[in-house]
Amino acid sequence: MTTESSVRPRWAAARAVAWAALAAATALLLVGLSYLHPVLPIVAVAAGAMLLVAAFRPKAFALITALVIVTSTLLEAFLGTLGGYADEGMIALAVTALLSRRLITEGRIVWLPGLGWFVGFVAIGLLSTVSADGPFSIAVPAAFIAVKGVLFALALAQLRWTRDDLVVLIRVGLATIAVVALTGLLNLVAPATWANLLTGNPPMNGVGPLPALSGLFQHPAAFSRFCGALAVACLTYGLVVRRSLANTLLTAVTTGLAFLTFQVKSIVGLLATMSAIGARFLRPAGAMALLCAAPVLALVAAPPLLELVGADFALYVLQDSARSELTYGGFLVAAQYFPLGAGFGMYGSSTAAAIYSPIYYELGFPGRYGLSPGTGQYLNDNQWPAILGETGWLGAACFAAGVLAMLVSLMRRTSPAEDRLVRWIRLTGIGWMVLLLVESLASPVFVSPPSYPFMFAVAGIAASFRSGSRAREAGGDRPQAGSPAYDGPRAGAVHS
């Protein structure tokens, strides 16, 4: 007769053998990958570690993913090609891990507003590839890049976000502002040394003796978008959650840093967004104070701002610039390949620039400044020409409808008794979307870091809050502490 004491050693031995076999298989796999490329074992180990974090600490994984996205240009500068694909790799892991986790623990996923339109956009782009006889080896990764922000939002929607999580995000935001302010100050004090440290090039010209700040990024445009997004978040917090001197200073610092980049499109977008938010939430006394201060602000800021706007208007509208050529070419390609477009990776995107699409030769781009092979730094200098040229009018309409659906969803409360912090993150998302939609007219903000997480991530978080509210109204059971689906305590009532 077999006793329990005799069975336990057998099970222990079996587990030891299983773990040893798994370790041996892993070692063999890593050795095999090293023969293909010396970096692949490192990538495999890092991916395995991140999957474990996603399984057991999903919100920490989401925060790490956001950090990698924001700093991906820095990672590319220091790690080369591996760093350049870091944000796409993390998003692929996030979609795979967080959707699988949600399906396993709860048997369903949270639908993202506008997701059907974005699926239609991808389908039309792939059909365009077929109709234009384009290579799928280029189209599929280009399609992933085109919707990676949407995929990140979909992954975030699968987590049960709470008010406590938003408090953590605020603390992370405060730390981020401190880092941004420090790097901006160093850039301002020692522009030549700072530019040489980050890029090895001379600092970019600003206005008078002031350089165009790039902070912790390699280009002022990225720094301006990042600081602008932080400024919108600070302003909205002060108007929706709590007004304070500290919040006013944070708003002023982030706004000032965005202005010191001297990027016209970012400044115009930030002014338009902050004006809209202020008009919606400022009380009469605040509005009157702002109105009284407006003449003084105009005397100081208007001359350099008008000079910058006028120079950009002459460059991109009155003159025959690379950006206007790229935009005009998008309409030509959409007409030539009507109604589907030329296919993913064929026009206006980073993929099309990397392979130097044959369409560029047809349009005469090799002879244009900024659009030539190898030195075409303006080949990816806009957003909508890529969407229009690669997926045609139908694809562009689907993408625009998806963005509009996200915007409409953010305009609606997530619950009848919406927490003040939830309202803040939702309204901040609206501000970010307006800010980046303005920027999209002259920058590829839907796919280029560090901007694209801001536009899409809040839509996923708001969808999670709305899904949780509907489940509670329907009487759905909340997972208990200790279960795999439990992500923390419920959001509390409204707090000041």
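Residues numbered from 1 in each chain as written. Predicted model: local features only at pLDDT ≥ 70, side-chain atom pairs only at ≥ 80, totals over all residues. Heavy atoms only, no water.

Visitor: Help me out: how do you make sense of the overall build of the chain in this one?
Guide: Helix and strand content of the chain: 21 helices and zero strands. For the chain, buried positions account for 46% of its 496 residues. In the chain, the share of contacts with a sequence separation of at least 24, taken over all contacts with a separation of at least 6, comes to 72%. Summed over all atoms, the accessible surface of the chain reaches about 24000 Å², with 71% contributed by carbon and sulfur. (Helix = DSSP H or I, 4+ residues; strand = E, 2+ residues; numbered from the N terminus. Buried < 20%, exposed > 50% of the residue type's maximum accessible area, 1.4 Å probe, protein only. Contact = heavy atoms within 4.5 Å. Areas by Shrake-Rupley, 256 points an atom, 1.4 Å probe, with all protein chains shown as cover.)

Visitor: Teacher, can you tell me more about the pattern of salt bridges here?
Guide: Pairing between side chains of opposite charge can happen when the charged atoms of each approach one another. Following the criterion strictly, the structure yields eight salt bridges and no others. Linking D165 and K59 is a salt bridge whose minimum nitrogen-to-oxygen distance equals 2.6 Å. In this pair, D165 sits in helix α10 (residues 163–189) while K59 sits in helix α3 (residues 58–70), placing the two residues 106 residues apart along the sequence. Assessed through its relative accessible area of 14%, K59 is described here as buried. One network of salt bridges, in which partners are shared, links D87, E88 and K148. (Salt bridge = Lys/Arg side-chain N within 4 Å of Asp/Glu carboxyl O.)

Visitor: It is not clear to me how helix α6 (residues 86–106) should be interpreted in this structure. Could you clarify?
Guide: Think of an α-helix as turning once every 3.6 residues; residues three or four places apart then point the same way. Across its 21 residues, α6 extends 29 Å between first and last C-alpha, which sits within 8% of the 30 Å expected from 1.5 Å per residue. Within two residues after α6, G107 carries a phi angle of roughly 80°, on the positive side. (Expected span 1.5 Å × (residues − 1).)

Visitor: I tried to follow the packing of aromatic side chains on my own but got confused; where do I start?
Guide: Aromatic ring pairs: the centre-centre distance and the angle between the two ring planes describe each pair. One pass over the full model with this rule turns up 18 aromatic pairs. Taken together, a centroid distance of 5.0 Å and an interplanar angle of 70° make the contact between F121 and F399 edge-to-face. Placement of F121 in helix α7 (residues 115–131) and of F399 in helix α19 (residues 384–411) is noted, with a sequence separation of 278 residues between them. The same class applies to F121 and to F399, which are both buried. Clustering of aromatic rings is evident, with ring pairs tying together F118, F121, F344, W384, F399, F446 and F456. In this arrangement the basic side chain of K59 is found over the ring face of W161, its NZ or CZ atom lying 5.8 Å from the centre. (Phe/Tyr/Trp six-rings, centres within 6.5 Å; stacked < 30°, edge-to-face > 60°. Lys NZ or Arg CZ within 6 Å of the ring centre and 35° of its normal.)

Visitor: It is not clear to me how the confidence of the model for the chain should be interpreted in this structure. Could you clarify?
Guide: Taken over all residues, the pLDDT of the chain has a mean of 78, while the share at 70 or more is 76%. When pLDDT is averaged over each element of the chain, helix α9 (residues 148–157) comes out on top at 93 and helix α15 (residues 284–318) at the bottom at 50. Per-residue pLDDT stays below 50 along residues 296–300; that stretch engages in two contacts with residues further than four places along the chain or on separate chains. Ignoring residues within four places in sequence, the model shows residues 477–496, a span with pLDDT below 50, making 39 contacts including any to other chains. (pLDDT = per-residue confidence, 0-100.)

Visitor: Would you explain a nonpolar patch on the surface in this entry?
Guide: Where nonpolar side chains cluster on the molecular surface, the patch consists of L185, L188, V189 and L210 and spans about 340 Å² of accessible area. The class for L188 is partly exposed, based on a relative accessible area of 31%. (Patch = residues over 30% accessible without salt bridge, like charges linked within 9 Å, V, L, I, M, F, W, Y side chains within 5 Å.)

Visitor: Help me out: how do you make sense of the packing of α3 against α6 in this one?
Guide: Two quantities define a packed helix pair, namely the angle between the axes and the distance from one axis to the other. It is the contact of α3 with α6, at a shortest axis distance of 9 Å, that shows an interaxial angle of 160°. Comparing the axis directions of α3 and α6 gives the class roughly antiparallel. Viewed along their axes, α3 and α6 form a crossing whose handedness is left-handed. For the pair formed by α3 and α6, the contact residues are P58, F61, I64, T65, V68 and I69 on the first element and A86, D87, M90, I91, L93, A94, L98 and R101 on the second. Split into classes, the residues belonging to the contact of α3 with α6 amount to eleven nonpolar, one polar and two charged. (Axes fitted to C-alpha atoms, helices over the stretch in contact; angles between N-to-C directions. Parallel < 35°, antiparallel > 145°, perpendicular 65-115°, else oblique. Left-handed = near helix turned anticlockwise from the far one by under 90°. Nonpolar A, V, L, I, M, F, W, Y, C, P; charged D, E, K, R; others polar.)

Visitor: Mind showing me how you'd approach the packing of α19 against helix α21 (residues 452–473) here?
Guide: The N-to-C vectors of α19 and α21 enclose an angle of 50°; their axes lie 10 Å apart at closest approach. By the criterion of interaxial angle, the relationship of α19 to α21 is oblique. For the element pair α19 and α21, the recorded crossing hand is left-handed. Across the interface between the two elements, V403, M406, S409 and L410 of α19 pack against M455, F456, V458, A459, A462 and R466 of α21.

Visitor: Please explain unusual backbone geometry as it appears in this structure.
Guide: Glycine aside, residues mostly have negative phi angles, and peptide bonds mostly take the trans form. Following F338, the chain continues to P339 via a peptide bond in cis, the omega torsion being 5°. Along the chain, P339 falls in the loop between α16 (322–336) and α17 (350–355). Of note, the amide linkage connecting P449 to P450 takes the cis form, showing an omega dihedral of 5°. Tracing the chain through its elements places P450 in the loop between α20 (420–439) and α21. For D133, which is not glycine, the phi dihedral falls at a positive 55°. Structurally, D133 can be placed in the loop between α7 and α8 (136–146).

Visitor: What is the right way to read the side chain of T251 from this model?
Guide: Mapped onto the secondary structure, T251 falls in helix α13 (residues 245–259). Relative accessible area serves as the criterion here: at 10%, T251 is assigned to the buried category.

Visitor: Looking at this structure, I do not really get α3. What am I missing?
Guide: Here α3 is 13 residues long and its end C-alpha atoms lie 19 Å apart, about the 18 Å a rise of 1.5 Å per residue gives. Buried within α3 are the following residues: P58, K59, F61, A62, T65, V68, I69 and V70.

Visitor: Help me understand the environment of S467, please; the structure alone is not making it clear to me.
Guide: Secondary-structure assignment places S467 in helix α21. Taking the C-alpha atoms as reference points, S467 and W111, 356 residues apart in sequence, are found 8.6 Å from one another. Beyond its immediate stretch of four places on either side in the chain, S467 contacts R102, R108 and V110.

Visitor: Looking at this structure, I do not really get the environment of R160. What am I missing?
Guide: The residue R160 is located in the loop between α9 and α10 in this model. You can call R160 buried: its relative accessible area is 14%. R160 sits 102 residues away from P58 along the chain, and the two C-alpha atoms are 9.8 Å apart. Of the polar contacts made by the side chain of R160, one reaches the side chain of E106; its length is 3.0 Å. (Polar contact = N/O pair within 3.5 Å; in protein donor to acceptor, adjacent residues only side chain to side chain.)

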